[in-house]
Amino acid sequence: MDKSTLKEGFLGQRIIILPNEVKNRLKNNTVTSNFFISDIGYFPKASAHFRKRKIDHGDYIFIYCVEGTGWVKTEGIKKIISPNQYIIIPKHLAHAYKSDKNDPWSIYWMHFDGKSAESLYNRYKLNKNETIPFNNNRIKLFNQIFEILNNNYLDTQLEYANILSLNFISAFIYNEVEVSTNIHKHDNLVGIVTNFLNKNISKSFKSEDIATAFNLSTSYLQTLFKKRTGYSLIHFFNLKKTQKACEYLNYTDLSIKEISVKLGFKDPLYFSRLFKNYMGVSPKAYKKSHNQK
């Protein structure tokens, strides 16, 4: 049984609790089965808000605080939730949460589940920081989701609302990735090196050549590049060359030998082996299969 001091609700609150029939449709829908929300709401200045659940609840619970404070307790540990902080409570875990009496929280919340929900939660657990800068676009997205679900239960509308909901939750879980991408897209060293490689796709480089071009040590640049992209310099460069090769094979009549030369490979056989290593098929087989489409 749930225990709650919430009786009349909160002034300005917004809640949607989807009927079981709709939740079952979402669970069995191929578009939404991986991720879907069952409940969604906004509680402003939720004075006396208190909820306690045993372990039989079947959803993941997302709570995002925008003002005021409260606490969430799981496994005997009480955590204070302040503005611009969020938390995800896993399903089948006893928990309680409560708004602060003197400074009640305002929260946006969702209950979600699906085949990928556990993986998303595991990714969330790896985060070291649950505080994120306020972004009004997130609130607009939440309101859009709410309005869609509030208006009808057509399959297309439900699918779209849940795709947006995954985007909403992901913006929190992957916030550091989002920030890193926005901040470093063009003005950091790795971005500059990447642009350099793209502009010199027809040339052949060793790691030392690239480091020298930027007056850096090879080991430093290698370490930085691997950390930011997940690949070594040359591996990344060869991926870009393979990508360009696919473009030539798809949209030009250039021979494989001509393409290998344009991409800085002196030996067409080596180019073909490298292409097959990345694409799983030879350049000839790739071109043939795509010409048949």
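Residues numbered from 1 in each chain as written. Predicted model: local features only at pLDDT ≥ 70, side-chain atom pairs only at ≥ 80, totals over all residues. Heavy atoms only, no water.

## With respect to the overall build of the chain
Item 1. Each helix and strand in the chain was counted, giving 12 helices and 10 strands.
Item 2. In summary, the chain has a C-alpha radius of gyration of 26 Å against a globular reference of 19 Å for 293 residues, an excess of more than 25%.
Item 3. Projected onto its principal axes, the C-alpha coordinates of the chain cover approximately 75 × 45 × 30 Å.
Item 4. Counting all 293 residues of the chain, 41% fall into the buried class.
Item 5. Working note: accessible area of the chain is about 16700 Å², and carbon and sulfur atoms make up 52% of it. (Helix = DSSP H or I, 4+ residues; strand = E, 2+ residues; numbered from the N terminus. Rg over C-alpha atoms; globule rule 2.2 N^0.38 Å. Buried < 20%, exposed > 50% of the residue type's maximum accessible area, 1.4 Å probe, protein only. Areas by Shrake-Rupley, 256 points an atom, 1.4 Å probe, with all protein chains shown as cover.)

## Things to note about the nonpolar core
Item 1. Counting 50 residues, the largest nonpolar core has Ile 40, Phe 62, Ile 88, Met 110, Phe 112, Ile 145 and Phe 168 as the members making the most contacts within it.
Item 2. At the level of secondary structure, the elements contributing two or more residues to this core comprise helix H1 (20-28), strand S3 (36-43), strand S5 (60-67), strand S8 (85-89), strand S10 (106-113), helix H2 (117-125), helix H3 (136-151) and helix H4 (155-173).
Item 3. Excluding residues within four positions of it along the chain, Phe 62 makes contact with Tyr 86, Ile 87, Ile 88, Tyr 108, Trp 109, Met 110, Phe 112, Phe 168, Ile 169 and Phe 172.
Item 4. Of all hydrophobic cores here, the second largest spans 23 residues; its members include Val 193, Phe 225, Leu 233 and Phe 265. (Core = buried A, V, L, I, M, F, W, Y, C linked by side-chain atoms within 4.5 Å. Contact = heavy atoms within 4.5 Å.)

## Looking at the packing of helix H6 (residues 189-199) against helix H8 (residues 218-229)
In a packed pair of helices, the relevant descriptors are the angle between the two axes and the axis-to-axis distance.
Item 1. Their axes nearest at 10 Å, the elements H6 and H8 cross at an angle of 95 degrees. Classified by the interaxial angle, the pair formed by H6 and H8 is roughly perpendicular. Between H6, through Leu 189, Val 190, Val 193, Thr 194 and Leu 197, and H8, the contact on the second element is made entirely by Tyr 220, Leu 221, Leu 224, Phe 225, Arg 228 and Thr 229. (Axes fitted to C-alpha atoms, helices over the stretch in contact; angles between N-to-C directions. Parallel < 35°, antiparallel > 145°, perpendicular 65-115°, else oblique.)

## What about H2?
Item 1. Within the sequence span of H2, burial applies to Ala 117, Leu 120, Tyr 121 and Tyr 124. Summarising the axial view, the buried residues of H2 lie within an arc of 100 degrees, below the 170-degree limit, and thus occupy one face. When the buried face of H2 is taken as reference, the exposed residues oriented beyond 90 degrees from it are Ser 119 and Lys 125. (Arc of directions from axis to C-beta.)

## A short note on the sheet that holds S3
Item 1. The strand order S2-S3-S10-S5-S8 describes an open sheet built from 5 strands, whose pairing is antiparallel. Of all the strands in the sheet, just strand S2 (14-17) and S8 have a single pairing partner and so form its edges. Across the sheet, the axes of successive neighbouring strands diverge by a mean angle of 15 degrees, strand direction being ignored.
Item 2. As paired strands, S5 and S8 are joined by 5 bridges and run antiparallel to one another. Opposite Tyr 64, over in S8, you have Tyr 86 as the bridge partner.
Item 3. Against the sheet, H2 makes contact with S5, S8 and S10, and its axis sits at roughly 135 degrees relative to S8, the strand it touches most. (Pairing = 2+ DSSP bridges.)

## So, the pairing of strand S6 (residues 70-74)
Item 1. Taken together, the 5 bridges between S6 and strand S7 (residues 77-81) define a ladder with antiparallel strand orientation. Opposite Lys 73, over in S7, you have Lys 78 as the bridge partner.
Item 2. Between S6 and S7, which pair antiparallel and follow one another directly, the connecting turn spans 2 residues, one of which, Glu 75, has a positive phi of 50 degrees.
Item 3. Pairing geometry for S6 and strand S9 (residues 95-99), over 5 bridges, is antiparallel. Opposite Lys 73, over in S9, you have Ala 96 as the bridge partner.

## Some words on the side chain of Asp 113
Item 1. Looking at the element boundaries, Asp 113 is found in strand S10.
Item 2. Classification of Asp 113 as buried rests on a relative accessible area of 14%.
Item 3. Reaching out from Asp 113, the side chain makes a polar contact with the side chain of Lys 91 at a distance of 3.2 Å.
Item 4. Filtering out sequence-adjacent residues up to four positions away, Asp 113 remains in contact with Asn 34, Phe 35, Phe 36, Gly 58, Asp 59, Tyr 60 and Lys 91. (Polar contact = N/O pair within 3.5 Å; in protein donor to acceptor, adjacent residues only side chain to side chain.)

Just geometry here; none of it tells us what the structure is for.
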